[in-house]
Amino acid sequence: MPPSNVRALRLAPERVPAEGRAAEIVSLADWPSVEQPVVPLVPKSAPSRARRLLSVIGHNPLAVSGGAILLFVALMGLTSPLLYPGDPLAIVAEPFIWPGTDAAHPLGTDSLGRDMLAGIVHGAAVSLQVGVFATFLGLLIGVSVGAVAGYFGGWTDVVLSRVTEVFQTLPNFVMLVVVVAIAQPSIATLSVAIAIVTWPGVARLSRAEFRTLREKDFVLAARSLGFGHVRIIVSEILPSALPPIIVTASVMVASAILMESALSFMGLGDPNVVSWGSMIGAGREYLRTAWYMCALPGFAIMLTVLALNLLGDALNEILNPRRQVRR
Amino acid sequence: MSEHFILPRGDGPSLLAVDDLRVAFGEKQPVKGISFEINEGETLAIVGESGSGKSLTALSIMGLLPAGGTIAHGSIQFEGREITTLAPREARALRGGSIGMIFQEPMTCLNPVMTIGAQIIEALRQHQSLSRKAARARALELLDLVRIPDPHRRIDDFPYQLSGGMRQRVMIAVAVACSPRLLIADEPTTALDVTIQAQVLDLIDRLRRELSMAVLLITHDLGVVSQWADRVVVMYAGRKVEQARPDAMFGNPLHPYTRGLLNASPRLGDSYNYIDGPLYEIPGSISSLAGDRGCAFAPRCAHVRAGCRDAVPALATLSHGRQVACPVLLSEENRVTAVDL
């Protein structure tokens, strides 16, 4: 029988019986030698949360493709005054130039001779502005109401939840049309109107998050330090409640863009600015003869909404703790 | 035993006086009138099993009873000031300022999305007007005070990067950031490894001396009591059943419940086996409250007499501040003479 590993380690190699030698060499190799660097017991301080998050996003194909498309659309919108200075609603050429037939108007002209590309570029700015403003407002109202209702509970919760439900039962689009019909349609009023119909969803989501989080021990610990309610809501609970809200926000931008397009299609948008929806609306009568007038802005809407949804999915994958894999 | 028997401490002036405190949740009263005092610089332990009302007593002092709970009766005086009726703003100044609290679960009591440094700085700046820089310097000192190795590197860590014992140390640093007069420790070591427990309790004891604060130690661990407490209050079903110095309580328990507790804790040298030498258990459970009329422990008590179920036994005060709420054992032969060491 070969000696046990422990004894083999103590024996000089030449004294170990032949059968035992192989086993002994293996165990010696496992033994840490003096030259091996000493691994520090304390792990190196991890990179900041934001940087880690950025690197995770950078490795997610959904996030990268969605983000790239969105960046492109945003750049288009931002540089629209440079790319096409002047009014995109101005008549610049003869009508019904098909895309790809005239180098001066790569995407052709519409039924009145307005440049399609200029419209799409300027429309990007309008769509994104409405999407961002409406989402920001909707989040502001929704998170505030949901946070207060969820954190305080009791009567506050009952009252705020009922108010939220009243808004939620109103048919979204009818509500939108009514608000826009009363107020002058402009980017600001459109954003407010869209925020009014979208905040209840955010409120319900953040109420649920706050209800769960307020029971956490760290909230009790924060209260035991004498922190006030506002401080606990904003700086203790909100950061933990944010991930699902961020995911919702990306989808909210997409639906705000769709709502704005729908309103503009129906002619209820701001008549002084060109938007993707209004372009489709203007082209719908010529759908049989010049379908590109609807298809091009439609494609722009689809691409933007798709990008936002991709980004939303990616954020959900990254931020949702229940779906989290090892980082 | 340990040295504090030779050097008695905690005889300073009274810091906190709880008088006939009753906590109610609707009809139910989980705390049914408890009174005790904590003197400056002493460690008072409250012992009892789950549901005896010890945590609720602590939360009442903090003014942080869970939703639905109210202080139905009694007073809590801190530094001579009634604190049950404080305005919210004053109560907040007290919490974290003059009274600090540490909790059972170090894993969940730190905000998971904030660095430990930020959490200490927050606590400091809540009660003291410090610049961000000064607060950070103080946070480093505090981390050093609670013996976190390499505070400069640790201060920007998130709680998940620390071990349980380290987190409890950070919790303690947050709680003592503003040099409180009283530290309430609600089962501070229950969630920790045995080897870490002693370290954490040593730390609390050292901070008590260095920061000259009093400690209210809530525990169900009698070993902790024997080593770190100056006085012990034994709670059962919302009432105090015995109060003594630990040596007196361990040497000569006067309440049947205290006896049961002591018998139910393993001693070094005894061999226990689930077949031939099981550890003593107190029969029944704390939920078997026999109505509200008599002694709450009567249904589980081996010494129960006819009178026990008729009236709640009064606390008898003996010498050296010892109190016990059981006339039966007291009246037994020789008991009274052997009460104190």
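Bear in mind that the values here come from a model prediction, so they are computed numbers and not experimental data.

### Overview of the side chain of Lys 240 of chain B
Residues and elements named next belong to chain B.
Part 1 of the reasoning: As for its position among the elements, Lys 240 is in strand 10 (residues 239-244).
Part 2 of the reasoning: Salt bridges are absent for the buried Lys 240, whose nearest opposite-charge side chain, Asp 19, sits at 8.9 Å.
Part 3 of the reasoning: At 2.6 Å, the side chain of Lys 240 forms a polar contact with the backbone oxygen of Ser 35.
Part 4 of the reasoning: Polar side-chain contacts of Lys 240 include one of 2.6 Å to the side chain of Gln 243.
Part 5 of the reasoning: Contacts of Lys 240, omitting those with residues within four sequence positions, involve Ile 34, Ser 35, Phe 36, Val 233, Val 234, Met 235, Leu 315, Gln 323 and Ala 325.

### Side note on a nonpolar patch on the surface
Part 1 of the reasoning: On the surface, a nonpolar cluster with roughly 410 Å² of combined accessible area is contributed by Trp 155, Val 158, Val 159 and Val 163 of chain A.
Part 2 of the reasoning: By secondary structure assignment, the location of Val 163 of chain A is in helix 7 (residues 154-169).

### A few points about helix 1 (residues 54-62) of chain B
Part 1 of the reasoning: Counting buried positions over the 9 residues of helix 1 of chain B gives 8, a clear majority of the element.
Part 2 of the reasoning: Count one or two residues on from helix 1 of chain B and you reach Gly 63 of chain B, which has phi positive near 70 degrees.

### Quick look at the nonpolar core
Part 1 of the reasoning: Core analysis: the largest hydrophobic core is formed by 119 residues, its most contacted members being Phe 36, Ile 61, Leu 182, Ile 184 and Leu 216 of chain B.
Part 2 of the reasoning: With 7 residues, the single largest contributor to this core is helix 6 (residues 164-175) of chain B.
Part 3 of the reasoning: Residue contacts for Ile 184 of chain B: discarding those within four places in its chain leaves Ala 58, Ile 61, Met 62, Ile 99, Gly 100, Met 101, Ile 102, Leu 216 and Ile 218 of chain B.
Part 4 of the reasoning: Within the second largest apolar cluster, 27 residues are counted, among which are Ile 120, Ala 254, Cys 294 and Ala 307 of chain A.

### Details of the sheet that holds strand 1 (residues 14-25) of chain B
Backbone hydrogen bonds are what pair the strands of a sheet, in a parallel or an antiparallel way.
Part 1 of the reasoning: One open sheet accounts for 4 strands, arranged 2-1-4-5 (chain B); its pairing is antiparallel. Only two strands of the sheet have a single partner each, and these edge strands are strand 2 (28-39) and strand 5 (81-82) of chain B.

### Here's the deal with the interface of chain B and chain A
Part 1 of the reasoning: Opposite the 27 residues of chain B that make contact, chain A presents 21 residues.
Part 2 of the reasoning: In total, chain B and chain A occlude about 2200 Å² of area from one another, counting both sides; carbon and sulfur atoms represent 54% of this.
Part 3 of the reasoning: For chain B, the biggest contributors to the area lost against chain A are Val 113, Glu 122 and Arg 153 of chain B; these three give 23% of the whole.
Part 4 of the reasoning: Glu 122 of chain B serves as the salt-bridge partner of Arg 231 of chain A, at 3.3 Å between the closest nitrogen and oxygen.

### Notes on the sheet that holds strand 3 (residues 43-47) of chain B
Residues and elements named next belong to chain B.
Part 1 of the reasoning: Read across the sheet, 8 strands follow the order 6-7-8-3-9-10-12-11 without closing on themselves; strand pairing throughout is mixed. Two strands bound the open sheet, and with one partner strand each, they are strand 6 (99-102) and strand 11 (316-317).
Part 2 of the reasoning: Here strand 10 pairs with strand 12 (residues 323-324) via 2 bridges, running antiparallel. The residue of strand 12 that forms the bridge with Gln 243 is Gln 323.

### Some remarks on the packing of helix 6 of chain B against helix 7 (residues 194-210) of chain B
Residue and element names in this part refer to chain B.
Part 1 of the reasoning: Two elements in contact, helix 6 and helix 7, have axes separated by 10 Å at closest approach and are oriented at 15 degrees. Of the possible angle classes, the one that applies to helix 6 and helix 7 is roughly parallel. Crossing angle aside, the handedness with which helix 6 passes helix 7 is right-handed. Here Gly 165, Gln 168, Arg 169 and Ile 172 of helix 6 lie close against helix 7, whose contacting residues are Ile 196, Gln 199, Val 200, Leu 203, Ile 204 and Leu 207.
Part 2 of the reasoning: The residue makeup of the contact of helix 6 with helix 7, split by class, is 6 nonpolar, 3 polar and 1 charged.

### Quick look at the pairing of strand 8 (residues 214-219) of chain B
All names here are of chain B.
Part 1 of the reasoning: Of all 6 residues in strand 8, 6 are buried; the element is thus mostly enclosed.
Part 2 of the reasoning: The side-chain alternation of strand 8 yields two buried faces, one formed by Ala 214, Leu 216 and Ile 218 and the other by Val 215, Leu 217 and Thr 219.
Part 3 of the reasoning: Bridge count between strand 3 and strand 8: 5 bridges; the pairing is parallel. Its bridge partner being in strand 8, Ile 46 is matched across the sheet by Ile 218.
Part 4 of the reasoning: Between strand 7 (residues 182-186) and its parallel partner strand 8, the chain crosses via helix 7, and the hand of that crossover is right-handed.

### A short note on the confidence of the model for chain B
Residues and elements named next belong to chain B.
Part 1 of the reasoning: Residues at a pLDDT of 70 or more form 88% of chain B, whose mean pLDDT is 84.
Part 2 of the reasoning: Considering only residues more than four positions removed or in separate chains, one finds that residues 1-8, a stretch of pLDDT under 50, has 7 contacts.
Part 3 of the reasoning: Of the regions scoring below 50 in pLDDT, residues 336-341 engages in 13 contacts with residues more than four places distant in sequence or in other chains.
Part 4 of the reasoning: Scored as a whole, the predicted complex attains pTM 0.77, and scored at its interfaces, ipTM 0.82.

### Considerations on the UniProt feature "domain: ABC transporter" (unreviewed entry) in chain B
Part 1 of the reasoning: With numbering aligned to this structure, UniProt lists the feature "domain: ABC transporter" (unreviewed entry) at residues 16-262 of chain B.
Part 2 of the reasoning: Taken as a whole, residues 16-262 of chain B contains 38% helix and 27% strand, while its terminal C-alpha atoms sit 28 Å from one another.

### Points about helix 10 (residues 217-224) of chain A
Because an α-helix packs 3.6 residues into every turn, residues spaced three or four apart end up facing the same way.
Part 1 of the reasoning: Within helix 10 of chain A, burial applies to Phe 218, Val 219, Ala 221, Ala 222 and Ser 224 of chain A.
Part 2 of the reasoning: Gly 226 of chain A sits one or two residues past helix 10 of chain A and shows a positive phi near 85 degrees.

### Section: the pattern of salt bridges
Part 1 of the reasoning: Within this structure, the stated rule accounts for 21 salt bridges over all chains.
Part 2 of the reasoning: Residues joined in a network through salt bridges with shared partners are Asp 157, Arg 207 and Arg 211 of chain A.

### A look at the packing of helix 8 (residues 172-182) of chain A against helix 11 (residues 229-265) of chain A
Residues and elements named next belong to chain A.
Part 1 of the reasoning: Taken N-terminus to C-terminus, the directions of helix 8 and helix 11 make an angle of 60 degrees; their axes are 11 Å apart at the nearest point. By the angle class used here, helix 8 and helix 11 are oblique. Seen from above, helix 8 lies across helix 11 with right-handed handedness. Every residue of helix 11 that contacts helix 8 at Asn 172, Phe 173, Leu 176, Val 177 and Val 180 is listed here: Met 259, Ala 262 and Leu 263.
Part 2 of the reasoning: For the contact of helix 8 with helix 11, a count of residues per class yields 7 nonpolar, 1 polar and no charged.

### A few points about the state of the cysteines
Part 1 of the reasoning: Counting across every chain of the model gives 0 disulfides over all chains.
Part 2 of the reasoning: Cys 295 of chain B forms no disulfide, and the closest cysteine sulfur to it belongs to Cys 308 of chain B, at a distance of 6.0 Å.

About the thresholds
Residues numbered from 1 in each chain as written. Chains lettered and ligands numbered in written order. Predicted model: local features only at pLDDT ≥ 70, side-chain atom pairs only at ≥ 80, totals over all residues. Heavy atoms only, no water. Helix = DSSP H or I, 4+ residues; strand = E, 2+ residues; numbered from the N terminus. Buried < 20%, exposed > 50% of the residue type's maximum accessible area, 1.4 Å probe, protein only. Lys, Arg positive; Asp, Glu negative; His and termini not counted. Salt bridge = Lys/Arg side-chain N within 4 Å of Asp/Glu carboxyl O. Polar contact = N/O pair within 3.5 Å; in protein donor to acceptor, adjacent residues only side chain to side chain. Contact = heavy atoms within 4.5 Å. Patch = residues over 30% accessible without salt bridge, like charges linked within 9 Å, V, L, I, M, F, W, Y side chains within 5 Å. Areas by Shrake-Rupley, 256 points an atom, 1.4 Å probe, with all protein chains shown as cover. Core = buried A, V, L, I, M, F, W, Y, C linked by side-chain atoms within 4.5 Å. Pairing = 2+ DSSP bridges. Buried area = accessible area lost by both parts, 1.4 Å probe. Axes fitted to C-alpha atoms, helices over the stretch in contact; angles between N-to-C directions. Parallel < 35°, antiparallel > 145°, perpendicular 65-115°, else oblique. Left-handed = near helix turned anticlockwise from the far one by under 90°. Nonpolar A, V, L, I, M, F, W, Y, C, P; charged D, E, K, R; others polar. Right-handed = clockwise from strand over helix to strand, strands pointing away. pLDDT = per-residue confidence, 0-100. UniProt positions renumbered as here; feature names shortened; annotations may be inferred. Disulfide = S-S within 2.5 Å.

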